[in-house]
Every structure is written in C-alpha cells, then in structure tokens.
Amino acid sequence: MSYVDEVLERVKAKNASEPEFLQAVEEVLESLRPVIEANEEKYRKEALLERITEPDRQLKFRVPWVDDKGQVQVNTGYRVQFNNSIGPYKGGLRLHPSVNIGIIKFLGFEQVFKNSLTGLPIGGGKGGSDFDPKGKSDREVMAFCQSFMTELCKYIGADVDVPAGDIGTGAREIGYMFGQYKRIRGMYEGVLTGKGLTYGGSLARTEATGYGLLYITEELMKCHGESMEGKTVVVSGAGNVAIYAIQKAQQMGAKVVTCSDSTGWIYDPEGIDVALLKEVKEVKRARLTEYAAARKSAEYHEGRGVWQIKCDIALPCATQNELLIDDAKQLVANGCKAVCEGANMPTTLDATKYLQDNGVWFICGKASNAGGVATSALEMSQNSERLSWTFEEVDAKLKQIMVNIYHNIDDAAKRYNMEGNYVAGANIAGFEKVAEAMLAQGVC
Ligand code: NDP
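Computed from a predicted structure; not experimentally measured.

(A) Up close: the packing of aromatic side chains. In the structure shown here, the tally under the stated rule is 14 aromatic pairs. Through a chain of ring-to-ring contacts, the aromatic side chains of Phe61, Trp65, Phe131, Phe144 and Phe148 assemble into a single cluster. Here lysine 105 stacks its cationic end above the ring of phenylalanine 21, 4.5 Å away from the centre of that ring. The ring of tyrosine 354 carries the charged tip of lysine 329 above its face, separated from the ring centre by 6.0 Å.

In structure tokens form, the structure reads like this:
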C-alpha cells in the first residue's frame, strides 16, 4: 500500500467522528501524492505524514459565564495548536453553535499550509467555542470573552500562539479578549490580531481577506488574458470576508449581484449596495431582509440559492461545505469561468472536482483567503517594532503577497505536471516549506 493510503487509513480510523477534518486531510494528501511518491522512503522513515496530520496539542476547556438574567451558562472552548515548525501558532477563533473539535482541527490543519503559503513566519492553529454571539447583549458577549480568555491566556503569547477573528469573532470580541489577557498577564503585547486601531491593530486588516481574495482573482484572470472589468460576480456570505470582497470587486469594475446570510440570500441585479450592506450587517447586526426592505432593486429569498445566478466569477465567502455538486453543475452550465474561495473549504470535494474537470479555474481557500492571516502577520510585525504603517503600505504588501501566492501555486502545479490545478499547487507549495522545516528540526 502506498504511504499516502496507509496514512489516510490511519487518520480515518483515529478520527472517525470528525468528517470535516477527514475531508481536509484527504484533499491535502490526495493532491500531495506526486510529492510524497518522489520522497516516499525518507518521509515514511521520518513518519512525516503521521506527524503533520497530528496536532501538536488540543486544548478543550469549560467557559462559564453569567447571562443578563443572572443565569450561569456553560460553553466549551477549544484551541488546537497544530504545527509551529515555521513560526508561532496563528489562526482565528470561531464563535458559532456548530463549533466542535473536528471543525477546529480541520481549520487548524488548513491553516498550517495557508500560513506557509503567505511566505511569512507563522505556524498553524485555530480555536473557538460553541458560543453564539447572535442575539446576545454586549455585556453577555463581554462576560463570555473574559471567561474564555481567562483559560486561554495560559497557553498563548506573542511568540507562542497569536489568535485572531473568524466567524462570530470581530473587533468587539477581540477587544474584550485583549482587555482580559492584558489584565491577567499584566503585559501589553501583540497576542491577538484584528485589534482596534487605537490599541495595536493594523490598518487594512478588516479589509484584508476580502481584498486579498480579489487581488488573487484579478491575477488569475490577468494570467488567462481577462480582466475584472465588466464581469458579473456572485458572492455568498454577508460577513467580514464577503463585504470587503464585494467592495474590492466593485472597485475593480465588476458587478456583484448576490450575497447571503444563514437564513436567506439577496439578488440585486443593479449591484450590491455595500454601504447599505455594511449598515445592515456591521452596524445593526440585522438580517438581510432589512437590506431588501431598503433597496428597490433587491429580491430576498429564504434558504440558499446564490449559485443559480448566472455569473462569470463565483466567490463563496460564508462557511464550509456551502457549494455542493449541484451548485457546481449549475455554475458550469451558466458559463462561470472562475471560482475562488473566500471561506475555508466552502466547496465540497466532488464539487471541486466537477469544476476542475469542466475547465473552471478554481483557487482553494488556503491560497485565496490567505490575505487575512498575512495581514495579521503584518500586524504582528508592527506590534513588535511598535510602529503603525499606513493603509497604503499594508495594502500594497497584501497585494504583493497575493500575487506571489498565485505564481507560487501556479509554478508548483507546473513542476508536477498538473498545470492549472491550483488546489494541488497550493497544497504542494504550502507543504514543501513546512516539511523541510520539520525535517530540519529533527523528531519533534
Ligand atoms: P462572519 O461571521 O463575519 O460572516 C460569516 C457569514 O457567513 C455571515 O454572513 C453568516 O451569516 C454566514 N454564515 C455563517 N455560518 C453559516 C452557515 N452555517 N450557513 C450559512 N451561512 C453562514 O465571518 P467571516 O466573514 O470572518 O468568515 C467567513 C469565512 O471566511 C469562514 O469560513 C472563515 O473561516 C473564513 N475566513 C475568514 C477570515 C477573516 O479574516 N475573517 C480569514 C480567512 C478565512 P449570518 O450573518 O446570518 O451570521
């Protein structure tokens, strides 16, 4: 049996109840086959794949807090420190009722390769809780964040592990967590990223994932002799990634006609009004029905459906497994040219394969949404030198990083005779650096 199959079997047996983690490992290892085969003896002897698929450590803890009625609530907190071969653990904190250890592990595993692709010295980790910030008062969110950080602060630090935002964790939550860390540890350090601008945050971090997604999409189009100008784009999600993806796409001359949230979706043939979307989702934290109510050209639909709208480019920016095989078929039938993932693993394995087999240029999240973590690493650099760079400086660095990622993954795919397979290219380019660092550091 090949080394890849042997490890896949072992990972499946050990993590049978974690489907998202298995899905992520399978996608990565399958596309690494040619690299592994070329080094099979060495990697097997070093148990490299066993080590790379096993987190350095997993933390799971109780998070008790008191709600506005005086009732004690209990949530579960997680931090998976997956791999620190190339730098301190780095990755977001997800606050969503669906969070469990398998989801955090899949995100942490993906983060290892993503962070490697940025070219910056950051390892991979991820964390979060099954706490749902929706419908909670600011005081309740603060109570939860303080309790969460009271435990987490024992395991993180500016040179150890630097968490950031993710679904459900925005500037408000990061602020409460930073305040608690500072209070307990008695030190002011860049232990979290995505901080507010008055206390060590970086300009352009809020925009970074969405903007970065568009910088890599633009480069992809350019390298295929196309531009963003005049293209019709469909986006899912209406959170941090989606909002700034829509904004940058429009700045590039494209028309974005959809967005969605966890209850429904908007079709706005005149183009999404970003200012209104921000008002509804960022300021009021309301549903998309409010967007439709305020905008004549917009239709609101319950459930899911953005992928049925005819487009040139599709950008899934909400959550994992939101673009399924039937959606992929619809996109192909509608003549979609490119799918670039803003979210983590939004496209299922069979949908990805269908898109690739039918000539759609497909860039996976670990490459195309790496702009967020890359800018977080730039925030860490600014914190270390106690300086703040201008928006233009950070944005220019972000753009360069995204263009470099495109060419690195394109080159990696070509080196292994898989031209145009950006999933394989991303996994190979991300893996090579981590593997080399792990081998150089001995058995650990
Ligand atoms: P937000 O919480 O800001 O937004 C998430 C959006 O997706 C919301 O519109 C939310 O709807 C919707 N959503 C969440 N869960 C579901 C679900 N189960 N079904 C349907 N819709 C859902 O998160 P982000 O924008 O930060 O993150 C989006 C994705 O991008 C995630 O996969 C995240 O891991 C990834 N990512 C984020 C980065 C960042 O810098 N923020 C960096 C790299 C990746 P509702 O408004 O109803 O909650």
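Additional details are given in the paragraphs that follow.
(B) Examining the pairing of strand 1 (residues 57-66) more closely. Looking at chain direction, strand 1 and strand 2 (residues 72-83) are connected through ten bridges and run antiparallel. Note that in strand 2 the partner of phenylalanine 61 across the bridge is glycine 77. Counting the residues between successive antiparallel strands, the hairpin from strand 1 to strand 2 contains five residues, one of them, glycine 70, with a positive phi of roughly 90 degrees.

(C) Structural context of the UniProt feature "binding site: NAD(+)" (unreviewed entry) in the protein. The positions that UniProt labels "binding site: NAD(+)" (unreviewed entry) are, in the present scheme, Thr209 and Asn240. For the residues just named, distributed over 32 residues, the greatest C-alpha separation is only 8.0 Å, placing them together at one site. Within the secondary structure, threonine 209 sits in helix 8 (residues 205-223). Residue threonine 209 is classed as buried on the basis of its relative accessible area, which comes to 8%. In this view, threonine 209 contacts Val241, Gly342, Asn369, Gly371 and Gly372; residues no more than four positions away in its chain are not counted. For asparagine 240, the location among the structural elements is in helix 9 (residues 240-251). Within the structure, the side chain of asparagine 240 is placed 3.0 Å from the backbone oxygen of threonine 206, a separation counted as a polar contact.

(D) Looking closely at the site of the ligand. Neighbouring the ligand are 26 residues; Asp166, Thr209, Ser262, Arg287 and Asn344 lie closest to it. In the model, an oxygen atom of the ligand is placed 2.6 Å from a nitrogen or oxygen of the threonine 209 side chain. Alanine 238 is positioned such that a nitrogen or oxygen atom in its backbone is 2.9 Å from an oxygen atom of the ligand. Out of a free accessible area of 890 Å², the ligand has 83% covered by protein chains. Those elements that place two or more of their residues in the shell around the ligand are helix 8 and helix 9. Of the residues contributing to the shell around the ligand, the split by class is six nonpolar, twelve polar and eight charged. Inspection of the shell around the ligand shows a minimum of three residues originating in each of domain 1 (55-192) and domain 2 (207-368).

(E) Summary view of the sheet that holds strand 2. Spatial ordering of the open sheet is given by 1-2-4-3-5, a layout of five strands whose pairing is mixed. Where the open sheet ends on each side, the last strands, each with one partner, are strand 1 and strand 5 (161-164). Neighbour-to-neighbour, the strand axes of this sheet turn through a mean angle of 20 degrees, independent of strand direction. Of the pairings in the sheet, the one linking strand 2 to strand 4 (residues 124-129) comprises six bridges and is antiparallel in character. Note on strand 4: the bridge partner recorded for tyrosine 78 is glycine 128. Set on the sheet, helix 5 (residues 101-117) makes contact with strand 1, strand 2, strand 3 (89-95) and strand 4; between it and strand 4 the angle comes to about 150 degrees.

(F) Fine view of the packing of helix 6 (residues 138-152) against helix 7 (residues 171-185). Two elements in contact, helix 6 and helix 7, have axes whose closest approach is 8 Å; the angle formed by their N-to-C orientations is 45 degrees. By the criterion of interaxial angle, the relationship of helix 6 to helix 7 is oblique. For the crossing formed where helix 6 meets helix 7, the hand is right-handed. Only Arg172, Glu173, Tyr176, Met177, Gln180, Tyr181, Arg183 and Ile184 of helix 7 make contact with helix 6, whose side of the interface consists of Asp138, Val141, Met142, Cys145, Gln146, Phe148, Met149 and Thr150. Partitioning the contact of helix 6 with helix 7 into residue classes produces nine nonpolar, three polar and four charged.

(G) Region of the structure containing the sheet that holds strand 13 (residues 361-363). Reading across from one edge, 7-6-11-12-13 is the order of the five strands in this open sheet, with parallel pairing throughout. Since the sheet does not close on itself, it has two edges, and those belong to strand 7 (255-256) and strand 13, each with one partner. For strand 12 (residues 338-340) and strand 13, the ladder comprises three bridges, and the chain directions are parallel. Bridge assignment links alanine 338 to a residue of strand 13, and that residue is tryptophan 361.

(H) Region of the structure containing helix 13 (residues 349-357). Looking only at helix 13, the buried set comprises Ala351, Thr352 and Leu355. For helix 13, the buried positions fall inside an angular range of 100 degrees around the axis, keeping them on one side. Where helix 13 is buried, its residues touch helix 12 (325-333), strand 12, strand 13 and helix 17 (422-440). Glycine 359 sits one or two positions beyond helix 13 and adopts a positive phi of about 80 degrees.

(I) Spatial organisation of the domain arrangement of the protein. As far as domains go, the protein holds domain 1 (55-192) and domain 2 (207-368). At the interface, 13 residues of domain 1 touch eleven residues of domain 2. Here domain 1 and domain 2 share an interface that buries about 1000 Å² over both sides, 48% of which is from carbon and sulfur atoms. It is Phe106, Glu110 and Lys114 that lose the most area in domain 1 upon contact with domain 2, and together they represent 44% of the buried surface on that side. One can count one salt bridge joining domain 1 with domain 2. At the surface where domain 1 touches domain 2, the tally comes to four residue pairs in polar contact (both at pLDDT 80 or more).

Rules used throughout
- Residues numbered from 1 in each chain as written.
- Predicted model: local features only at pLDDT ≥ 70, side-chain atom pairs only at ≥ 80, totals over all residues.
- Heavy atoms only, no water.
- Phe/Tyr/Trp six-rings, centres within 6.5 Å; stacked < 30°, edge-to-face > 60°.
- Lys NZ or Arg CZ within 6 Å of the ring centre and 35° of its normal.
- Pairing = 2+ DSSP bridges.
- Helix = DSSP H or I, 4+ residues; strand = E, 2+ residues; numbered from the N terminus.
- UniProt positions renumbered as here; feature names shortened; annotations may be inferred.
- Buried < 20%, exposed > 50% of the residue type's maximum accessible area, 1.4 Å probe, protein only.
- Contact = heavy atoms within 4.5 Å.
- Polar contact = N/O pair within 3.5 Å; in protein donor to acceptor, adjacent residues only side chain to side chain.
- Near = heavy atom within 4 Å.
- Areas by Shrake-Rupley, 256 points an atom, 1.4 Å probe, with all protein chains shown as cover.
- Nonpolar A, V, L, I, M, F, W, Y, C, P; charged D, E, K, R; others polar.
- Domains from an automatic or database assignment.
- Axes fitted to C-alpha atoms, helices over the stretch in contact; angles between N-to-C directions.
- Parallel < 35°, antiparallel > 145°, perpendicular 65-115°, else oblique.
- Left-handed = near helix turned anticlockwise from the far one by under 90°.
- Arc of directions from axis to C-beta.
- Buried area = accessible area lost by both parts, 1.4 Å probe.
- Salt bridge = Lys/Arg side-chain N within 4 Å of Asp/Glu carboxyl O.

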